[in-house]
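Examination of the molecular architecture
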Amino acid sequence: MKGESFAASGQLLGTVLAVQANFYRVQMDQEDGEQGSRGAEEKNEINAPLPLCLSATLPPVLLCTRRTRLKKIGQQVMVGDRVVVEEPNWTEGQGAIANVLPRHSQLDRPAIANVNQILLVFAVADPPLEPYQLSRFLVKAESTGLDVLLCLNKSDLISQQVQQQVSDRLLAWGYKPLFISVKNDINTEEVVGYLSNKITVIAGPSGVGKSSLINGLIPDANLRVGEVSGKLARGRHTTRHVELFELPSGGLLADTPGFNQPDLDCTPEELVHYFPEARERLAVAKCRFSDCLHRDEPECAVRGDWERYPHYLEFLDDAIAYQTHLHQQADPESTMKLKSKGKGQSQYEPKLESKKYRRISRKTQLQDLQELYRDEE
Ligand SMILES: Nc1nc2c(ncn2[C@@H]2O[C@H](COP(=O)(O)OP(=O)(O)OP(=O)(O)O)[C@@H](O)[C@H]2O)c(=O)[nH]1
Ligand SMILES: [Mg+2]
Ligand SMILES: [Zn+2]
């Protein structure tokens, strides 16, 4: 992994699986074990017994505190963080986090660092596959800049012929879906192959089988299945619990509650790049105008009779509306901020304008995934 060069050799590294009050569950790296890290620990514990493991294949997990130094410098520890662990106590299964390695990505909702890819799960039936909804999820996922995988579950409910039709259609969209059935254990081994050695977040509408899939891959996960976990459950769970589950064959997976319509909040200019079909068109031809929004401009390379072009136009309206909303927020009245002058007097003075025209950074785009987890309200 990228950040590893920041850790000194001989340091013990792990990945944060969950945050529970002031404790962190950290899955320790196994490969790094030989690189002298166990040597450092032997100084503290002579004849230390073998690490406590739940199974022979899974790496050991330590319940860790965060060093005071990290608290002082305000260094947060997130699920997904790569951390340096000191003073491991393998018998008690405890340790202390001494450092956090630089993150290569960070999502806010769910709050997870270092996510590599998004696994979008939809069902081919029950609930029926809605092309417009799928399109919206795909665009939202693309806008994070992370890799996007598409799994279509409940393939046991459709014929081979219908499956072929769906597959052809999505291929024209630029996606090669993996048809699975958690119920009949079809192609789930394939999914495992995509997940190994990566951090993956599962997203998709309610009732498509996200939690069922994780339970199928990781029997210990014990996630609730068949209950609506989104909107209704939100009231009951005041704090959102984010947890990474370990696949027996390596790789970490996070579940998310389903919901029905992600908000699109990219800029109108960016939107086109989140459609693989449009990217393909732009790779071989250019629009006449560099600021073309691909609506009715002359000599546009994107406009044409591809299936999702109407989706593009609809999402473009959303993106323009969102941008207008942002500008309004930053405009007339609100470009002035209230400044207290003391003695109960106050005076308006102009706000800094920089934010208004700020270009959306890659990092912000990554954080956009948080919208995937926002209920419609
Ligand atoms: N026929 C069929 N049913 C399935 C399959 N996988 C899951 N289901 C059923 O689909 C329903 C919903 O499954 P969940 O795993 O709770 O769906 P979810 O995506 O986690 O839903 P939310 O948590 O609400 O977002 C359950 O009744 C499952 O038993 C499958 O492969 N085939
Ligand atoms: Mg679920
Ligand atoms: Zn164009």
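First things first, this report covers the structure right here in the doc. (Residues numbered from 1 in each chain as written. Chains lettered and ligands numbered in written order. Predicted model: local features only at pLDDT ≥ 70, side-chain atom pairs only at ≥ 80, totals over all residues. Heavy atoms only, no water.)

**Quick notes on the environment of Lys-176**
The following threshold applies: Working definition: helices are DSSP H or I runs of at least four residues, strands are E runs of at least two. Numbering for both runs from the N terminus. Contact definition: two residues touch when any of their heavy atoms are within 4.5 Å.
Relative to the helices and strands, Lys-176 is located in the loop between helix H4 (160-173) and strand S10 (178-179). The contacts of Lys-176, once residues within four sequence positions are left out, are Leu-150 and Leu-171.

**Comments concerning the sheet that holds strand S4 (residues 82-89)**
What counts here: Only strands joined by at least two bridges in the DSSP assignment are considered to pair. Each axis is a line fitted through C-alpha atoms, taken for helices only over the stretch in contact, and angles between the N-to-C directions span 0 to 180 degrees.
Strand order in the closed barrel formed by five strands is S1-S2-S3-S5-S4, with mixed pairing between adjacent strands. The mean inter-strand angle of the sheet, taken between neighbouring strand axes irrespective of direction, is 50 degrees.

**So, the coordination of the zinc ion (ligand 3)**
Quick reminder of the rule: Metal donors: N, O and S atoms at distances within 2.8 Å, or within 3.2 Å for Na, K and Ca, with water omitted from the atom set so that some sites may seem incomplete. Donor angles set the geometry label: tetrahedral for four donors if every angle is between 85 and 135 degrees, square planar for four and octahedral for six if opposite donors exceed 155 degrees and the others are between 65 and 115, irregular for anything else.
Note on the zinc ion (ligand 3): its protein donors are Cys-287 (SG), Cys-292 (SG), His-294 (ND1) and Cys-300 (SG). The metal-donor distances range over 2.1 to 2.4 Å. Geometry at the zinc ion (ligand 3) is tetrahedral, judged from its four donor atoms and the angles of 101 to 115 degrees they form at the metal. One chain supplies every donor to the zinc ion (ligand 3), and in sequence these donors are spaced C-x4-C-x1-H-x5-C.

**Let's talk about the packing of aromatic side chains**
Stated precisely, the cut-off is as follows: By convention, a stacked pair of Phe, Tyr or Trp rings (six-membered ring in the case of Trp) has centres within 6.5 Å and planes under 30 degrees apart, an edge-to-face pair has planes over 60 apart, and any other such pair is tilted.
According to the stated counting rule, one finds seven aromatic pairs in the structure shown. Judged by centre distance (5.8 Å) and plane angle (80 degrees), the ring pair of Phe-275 and Tyr-312 falls under edge-to-face. Of this pair, Phe-275 sits in the loop between helix H8 (268-271) and helix H9 (276-284) while Tyr-312 sits in helix H10 (residues 309-330), placing them 37 residues apart in sequence. Ring pairs connect the aromatic residues Tyr-132, Phe-275, Trp-306, Tyr-309, Tyr-312 and Phe-315, which therefore count as one cluster.

**What about the pairing of strand S1 (residues 12-20)?**
Note the threshold: Only protein chains enter the area calculation, which uses a 1.4 Å probe; residues under 20% of their type maximum are buried, those over 50% are exposed, and those in between are partly exposed.
The buried count for S1 comes to seven of nine residues, which makes it a mostly enclosed element. Of the pairings in the sheet, the one linking S1 to S4 comprises four bridges and is antiparallel in character. Bridge pairing in S4 links Thr-15 to Arg-82. Sheet topology places S1 next to strand S2 (residues 23-28); six bridges connect them, and they run antiparallel. Residue pairing across strands places Gln-20 opposite Phe-23, the latter belonging to S2. Counted along the chain from S1 to the antiparallel partner S2, the turn is two residues long, and its residue Ala-21 has a positive phi close to 50 degrees.

**Description of the nonpolar core**
Using the following cut-off: Note on terminology: a nonpolar core comprises buried Ala, Val, Leu, Ile, Met, Phe, Trp, Tyr and Cys residues joined through side-chain atoms within 4.5 Å.
In this structure, Ile-112, Leu-152 and Leu-244 are the most contacted members of the largest nonpolar core, which totals 32 residues. Taken together, the elements giving at least two residues each to this core come down to strand S8 (117-123), helix H3 (131-142), strand S9 (147-153), H4, strand S11 (199-203) and strand S13 (252-254). Examining the composition of this core, we find that four residues originate from one element, H3, more than from any other. When sequence neighbours within four positions are dropped, the list of residues in contact with Leu-244 reads Val-16, Leu-17, Val-79, Gly-80, Ile-112, Ile-199, Leu-252, Leu-253 and Ala-254. Leu-149, Val-191, Phe-245 and Leu-247 belong to the second largest nonpolar core, which has 21 residues in total.

**Considering the packing of H3 against H10**
Quick note on the threshold: Orientation categories follow fixed angle ranges, with anything under 35 degrees roughly parallel, anything over 145 roughly antiparallel, 65 to 115 roughly perpendicular, and all other angles oblique. Should the near helix be turned anticlockwise from the far one by less than a right angle, the crossing is left-handed, and should it be turned clockwise, the crossing is right-handed. Under the convention adopted here, Pro, Cys and the residues Ala, Val, Leu, Ile, Met, Phe, Trp and Tyr are nonpolar, Asp, Glu, Lys and Arg are charged, and Gly plus all remaining residues are polar.
Packing of H3 against H10 leaves a shortest axis separation of 11 Å and a crossing angle of 60 degrees. As summarised for this structure, H3 and H10 are arranged oblique, according to the angle between their axes. Our pair here, H3 against H10, has a crossing hand that is right-handed. Two secondary-structure elements touch here, H3 through Pro-131, Tyr-132, Ser-135, Arg-136 and Val-139 and H10 through His-311, Glu-314, Phe-315 and Asp-318. Its residues placed into classes, the contact of H3 with H10 shows four nonpolar, two polar and three charged.

**Description of the pattern of salt bridges**
Inclusion rule: Whenever a carboxyl oxygen of Asp or Glu lies within 4 Å of a side-chain nitrogen of Lys or Arg, that contact is scored as a salt bridge.
Evaluated as defined, the whole model comprises eleven salt bridges. Where Arg-279 meets Glu-142, a salt bridge forms, and the shortest distance between an N and an O atom there is 3.3 Å. Taken together, the residues Arg-279 in helix H9 and Glu-142 in helix H3 connect sequence positions 137 residues apart. Residue classification places Arg-279 among the partly exposed positions, given a relative accessible area of 36%. Taking the relative accessible area as the measure of exposure, Glu-142 reaches 14% and is therefore buried.

**Brief notes about the sheet that holds S11**
The strand order across the open sheet built from six strands is S10-S9-S8-S11-S13-S12, with neighbouring strands paired in mixed fashion. The sheet is open, and its two borders are formed by S10 and strand S12 (245-246), each paired with just one other strand. Where S9 meets S10, two bridges bridge the pair, whose relative direction is parallel. Bridge pairing links Cys-151 to Leu-178 in S10. Sitting on the sheet, helix H6 (residues 210-217) is in contact with S8, S11, S12 and S13, with an inclination near 145 degrees to S11.

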